[in-house]
Amino acid sequence: MKVILPKYAGFCFGVKRALQEAVKATEQDTQPVFSLGPLIHNPQEVKRLAEEGIAVAESIEDIPAGGTLVIRSHGLAPEVVEEARRRGLNIVDATCPLVKNAQEYAQLLHDQGYSVVVIGDPNHPEIKSVTGYTEHEAIVINDESMVKKLPEMNRLGVILQTTLQLDLCQHIVSLLLPKARELKVFNTLCDATFKRQQEALEMARKVDMMIVVGGHNSANTTHLAEICRSAGSITYHIEEASELSEDWFKNCKVVGVTAGASTPSWVLNEAVERLKKMTEGEEKG
Ligand code: SF4
């Protein structure tokens with residue numbers, strides 16, 4: 001069996017930057033260091049970070065005054081940052097620059113009087129942070145049935161969740177067009193995610209099976225697995241190497257591997273090493 005490895009897999013620059021900022025914060029005197037929610041959507045890496053002194057807080061109240069709050073790559077709504085300041089926390093802003101763009105565009109549209117629609121998952125922290133810049137007035141939609149429920153609008157501004165698929169956004173935007181006299185769309189999709197998704201799609205079309213490595217709580221990894229399935233490939237989404245089973249590969253000649261933006265290289269490497277042990281050869285993608 002042949003194993004094909006990707007060019008684009010593992011940490012994106014936004015996640016790498018957030019981790020570097022958090023580690024830097026542990027070297028300052030503003031201890032302890034917390035993120036609000038896991039710094040990245042990967043339980044194995046969150047556990048490792050805890051050993052480095054970066055803990056997870058469920059709410060701002062859990063962080064003692066004088067401690068540090070690292071804003072993760074998804075960003076935070078402005079009122080949450082304000083509350084953290086009021087409580088005397090030291091703030092390290094590791095919001096991904098691409099998410100920051102989306103926040104700024106959302107605020108601009110809101111300030112200019114547009115009705116704002118955000119295409120994305122209403123429960124995802126990035127979307128909660130972006131809608132915060134519209135005083136939480138933005139409407140969040142993630143499928144076409146929700147478009148039908150929208151009222152007619154005069155001026156409509158649209159923001160996209162950074163990790164969505166281009167096709168889905170194009171489709172929903174086309175359905176939004178008849179809803180408004182004026183439609184303004186900011187393309188806030190992340191290029192790194194687009195390349196990763198394209199590569200995974202192309203790989204999935206030519207292999208018998210795809211292994212997608214990353215947290216089960218990671219939206220972008222789950223998306224990657226869906227993209228691979230949409231190409232007709234048998235796809236397993238695993239969080240770590242121990243989940244791989246030799247039985248899966250019985251009639252398999254070529255297997256492709258990819259990983260989400262929040263998957264550390266050591267987790268990906270462990271999975272690839274285990275796969276190598278189960279196989280005879282491999283080839284670079
Ligand atoms: S996936 Fe893209 S938008 Fe999200 S953190 Fe990484 S670089 Fe930033």
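Quick note: structure is the one above.
To keep things clear, this report deals only with the structure shown in the data block.

Conventions we followed
Residues numbered from 1 in each chain as written. Predicted model: local features only at pLDDT ≥ 70, side-chain atom pairs only at ≥ 80, totals over all residues. Heavy atoms only, no water. Near = heavy atom within 4 Å. 1 Å grid on protein atoms, 1.4 Å probe; cavity = no way out; pocket = protein on both sides within 12 Å on 5 of 7 lines; lining within 4 Å. Sits in = over half its atoms within 2 Å of the grid points. Nonpolar A, V, L, I, M, F, W, Y, C, P; charged D, E, K, R; others polar. Domains from an automatic or database assignment. Salt bridge = Lys/Arg side-chain N within 4 Å of Asp/Glu carboxyl O. Helix = DSSP H or I, 4+ residues; strand = E, 2+ residues; numbered from the N terminus. Buried < 20%, exposed > 50% of the residue type's maximum accessible area, 1.4 Å probe, protein only.

### What about the site of the ligand?
Around the ligand, the surrounding shell consists of C12, F13, G14, S73, C96, L98, T162, T163, C190 and T193. Placement of the ligand is best described as lying within the largest cavity. A per-class count over the shell around the ligand returns five nonpolar, five polar and no charged. Three or more residues apiece are contributed to the shell around the ligand by two domains, here domain 2 (13–95) and domain 3 (98–190).

### Describing the pattern of salt bridges
Think of it this way: side chains of opposite charge can pair up when their charged atoms draw near. One pass over the structure, following the stated rule, counts 11 salt bridges. With its nearest N and O atoms 3.1 Å apart, the salt bridge here joins R86 to E83. Of this pair, R86 and E83 both sit in helix α3 (residues 78–86), separated by three residues, roughly a single helical turn. What makes R86 exposed here is its relative accessible area of 61%. Taking relative accessible area as the criterion, E83 reaches 21% and is therefore assigned partly exposed. Here the salt bridges share partners, and the residues they tie into one network are E61, E83, R86 and R87.

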